[in-house]
Amino acid sequence: MTTFFSLSSTCFFITFFLLSSALLHANQCYAKEKNPSSSSSLVLSLTRTKTRLSIPKSSYNLVRKTSETLDIREPLREVRDGYLISLNIGTPPQIIQVYMDTGSDLTWVPCGNLSFDCIDCDDYKNHKLISSFSPSFSSSSYRDLCASSSCIDIHSSDNPFDQCTIAGCSLSSQLKGTCSRPCPSFAYTYGEGIVSGTLTRDTLRVHGTSSNPNSIREVPKFVFGCVGTTYREPIGIVGFGKGPLSLPSQLGFLQKGFSHCFLPFKFANDPNISSPLVVGDQAIASKENFQFTPMLKSPMYPNFYYIGLEAITVGNGATTQVPLTLREFDSLGNGGMLIDSGTTYTHLPEPFYSDLLTALRSSINYPRAEEIESRTGFDLCYRLPCPNNNINSLVTDDFPSITFHFLNNVSLVLPNGNDFYAMGAPKNSTVVKCLLFQSMEDSEEGPAGIFGNFQQQNVEVVYDLEKGRIGFQTTDCASAATSQGLHKT
């Protein structure tokens with residue numbers, strides 16, 4: 001969910017933001033220092049999107065194996081714009097809900113009870129999902145040191161002396177290895193958002209996949225960001241990228257993989273059912289019936305997951321070839337299609353996106369709802385008959401199927417409901433449905449397209465990191481949740 005910022009347009013704001021954040025952290029993020037040795041509406045809003053990525057450092061030390069790498073299984077709670085995982089951090093444990101994001105590396109949580117400040121987050125004020133971590137209440141929490149590899153990673157430095165010099169260590173103490181100053185504060189960008197905080201270590205607890213559903217594995221010294229100030233980022237994030245700070249990397253799973261099965265949006269905010277997330281050998285085992293497409297390796301963004309899109313078919317019509325940029329990189333590493341759990345809708349580049357809209361318009365006979373298009377910003381909305389205002393009576397909507405054709409002859413027909421979605425409750429025996437695709441921001445930098453989480457609903461997606469491939473299989477994710485004990489009845 002990271003992005004580039006235009007220096008000319010944001011230099012002043014970021015400078016002010018970082019200075020303010022530094023003062024906040026100096027006073028509020030840590031109450032003590034520790035020595036490391038010792039609804040009724042169906043309208044989808046607040047969508048998460050990232051159309052550009054920050055440049056990660058080359059992964060020269062990615063795999064940090066723990067003493068054991070037992071598989072883990074965690075439930076994902078669905079909300080309007082993504083999927084939340086509950087992090088169990090600290091001693092005694094504190095539970096913090098954060099977004100699961102395959103498009104970034106850093107795990108961060110809001111820190112500081114009432115002192116956490118989210119700038120320009122009016123839509124989330126007093127939101128019940130916002131919870132904060134208090135390091136002063138955890139006996140196992142401490143600031144990471146400036147000389148740690150994680151501190152170098154978060155500041156994207158190839159020079160191990162940089163961060164300790166910034167922290168105020170003398171060169172002599174660095175050469176002798178006697179400097180123990182904390183890692184300097186950092187800033188990290190997401191889409192239009194920014195977070196600023198301090199790198200922290202504490203005990204993380206995850207659920208195992210054994211026959212005992214209450215089995216817990218402790219991960220000591222887990223590295224994450226303790227964030228006191230953000231801009232448009234009210235809820236924390238757990239990064240599932242391939243960088244050294246990501247959760248799979250820290251838990252030793254970069255040579256294995258993970259899988260998820262996202263529930264449809266109709267289950268959003270349902271506390272009785274969760275989407276399955278599996279990390280480890282079980283995630284990639286016994287997948288003979290899956291279709292696998294290769295992970296593309298971007299020279300500029302090696303830590304993120306890219307796939308190659310060859311074509312899209314609308315209904316039984318002709319297959320439309322997509323631009324080469326959706327399956328190839330240029331000399332600078334731009335291009336490819338990012339698969340991202342942290343972006344809500346699929347984004348496609350122009351003029352291909354407009355060609356897709358034309359093909360859909362020619363195949364749909366329902367009346368347009370242009371006033372809804374103007375109000376929501378979606379490009380294709382239609383009015384469908386809905387007898388007695390009962391949306392369950394709408395057995396079929398007669399929309400044409402949409403098929404994505406990826407490299408290696410992989411064809412994924414989007415499950416019903418992964419293209420058009422109801423914008424609100426039925427009214428006057430009519431319901432409005434809109435196409436939940438969007439045009440890619442016009443830019444020569446970053447991915448050419450994004451495959452968002454809405455289009456991944458009711459699809460089991462497997463990230464086989466061992467073999468460098470991503471697998472798809474349409475699945476009833478609610479049934480999968482039930483079979484894994486994630487549905488309370």
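If you're wondering where the values come from, they're calculated on a predicted model, not measured in any experiment.

(A) Examining the overall build of the protein chain more closely. Counting its secondary structure elements, the protein chain contains 9 helices and 27 strands. In the protein chain, which comprises 489 residues, the proportion classed as buried is 56%. For the protein chain, the accessible area works out to roughly 20,700 Å², and carbon and sulfur atoms hold 51% of it.

(B) Region of interest: the pattern of salt bridges. Taken as a whole, this structure holds 9 salt bridges when the rule is applied. For R201, the salt bridge is made with D144, and the minimal N-O distance between the two is 2.7 Å. Highlighted residues: R201 in strand β8 (residues 193-207) and D144 in the loop between β6 (142-143) and α2 (149-154), separated in sequence by 57 residues. In this structure, R201 and D144 share a single accessibility class: buried. One connected set of salt bridges, linked through shared partners, spans D120, E192 and R232.

(C) Summary view of the state of the cysteines. Under the defined criterion, the tally for this structure stands at 7 disulfides. Between C118 and C121 runs a disulfide, and the two sulfur atoms are separated by 1.7 Å. Paired through a disulfide, C381 and C434 show a sulfur-sulfur distance of 1.9 Å. What sets the handedness of the C381 and C434 disulfide is the S-S torsion sign, and at about 110° it is right-handed. You can see C381 sitting in strand β19 (residues 381-385) and its partner C434 sitting in strand β23 (residues 430-435), a full 53 residues away along the chain. Accessibility assignment for this pair places C381 and C434 in one class, buried.

(D) Summary view of the pairing of strand β15 (residues 309-314). Of all 6 residues that make up β15, 5 are buried, and the element is covered over most of its length. Pairing between β15 and strand β20 (residues 402-406): 5 bridges, direction antiparallel. By the bridge assignment for β20, L309 is matched with F406. The pairing of β15 with strand β16 (residues 319-321) spans 3 bridges and is classified as antiparallel.

What counts, and at which threshold
Residues numbered from 1 in each chain as written. Predicted model: local features only at pLDDT ≥ 70, side-chain atom pairs only at ≥ 80, totals over all residues. Heavy atoms only, no water. Helix = DSSP H or I, 4+ residues; strand = E, 2+ residues; numbered from the N terminus. Buried < 20%, exposed > 50% of the residue type's maximum accessible area, 1.4 Å probe, protein only. Areas by Shrake-Rupley, 256 points an atom, 1.4 Å probe, with all protein chains shown as cover. Salt bridge = Lys/Arg side-chain N within 4 Å of Asp/Glu carboxyl O. Disulfide = S-S within 2.5 Å. Pairing = 2+ DSSP bridges.

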